[in-house]
Amino acid sequence: KWLKDNKVKVLEWPSQSPDLNPIENVWAELKKRVQARRPTNLTQLHQLCQEEWAKIHPTYCGKLVEGYPKCLTQLNNLKAILPNAN
């Protein structure tokens, strides 16, 4: 409501589309990196998560966000072809 009242433009974010949410891709990358190091206990898991998180470069995140409009366009094109696609 506040955004609308203050005329803030926002992108429509499709519900039920975690693959279009850049942070979901970051979490998947983190998971892949941590699993590759095979933690054996909770303490090691915590440590490896912190280490691998620190290694994810901001440009990686930026590219995910920059690619969002293209993904949204592709989704809209798919919806035009398949009207029941959500």
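Cut-offs applied
Residues numbered from 1 in each chain as written. Predicted model: local features only at pLDDT ≥ 70, side-chain atom pairs only at ≥ 80, totals over all residues. Heavy atoms only, no water. Helix = DSSP H or I, 4+ residues; strand = E, 2+ residues; numbered from the N terminus. Buried < 20%, exposed > 50% of the residue type's maximum accessible area, 1.4 Å probe, protein only. Core = buried A, V, L, I, M, F, W, Y, C linked by side-chain atoms within 4.5 Å. Contact = heavy atoms within 4.5 Å. Salt bridge = Lys/Arg side-chain N within 4 Å of Asp/Glu carboxyl O.

- Looking at an unreviewed UniProt entry, the protein carries the name Tc1-like transposase DDE domain-containing protein, with the source organism given as Oncorhynchus tshawytscha.

**Description of unusual backbone geometry**
- Backbone geometry at Lys 7 places phi at a positive 55°, although glycine is not the residue there.
- Mapping Lys 7 onto the fold places it in the loop between helix H1 (2–5) and helix H2 (22–36).
- Take Lys 7: its relative accessible area is 74%, and that puts it in the exposed class.
- Of note, Arg 38 is a non-glycine position whose phi angle comes to about 50°, a positive value.
- Relative to the helices and strands, Arg 38 resides in the loop between H2 and helix H3 (42–55).

**Observations concerning the nonpolar core**
- With five residues, the main nonpolar core is built from Val 26, Leu 30, Val 34, Leu 48 and Ile 56.
- When residues in this core are grouped by element, the largest group, three residues, is from H2.
- Among all residues touching Leu 30, those that are not within four sequence positions of it are Cys 49, Glu 52, Trp 53 and Ile 56.

**Thoughts on the pattern of salt bridges**
- In total, this model carries six salt bridges according to the counting rule given.
- A salt bridge links Glu 52 to Arg 37; the nearest nitrogen and oxygen atoms lie 2.7 Å apart. You can see Glu 52 sitting in helix H3 and its partner Arg 37 sitting in the loop between H2 and H3, a full 15 residues away along the chain.
- Using a relative accessible area of 6% as the deciding quantity, one classes Glu 52 as buried.
- We classify Arg 37 as partly exposed; its relative accessible area is 35%.

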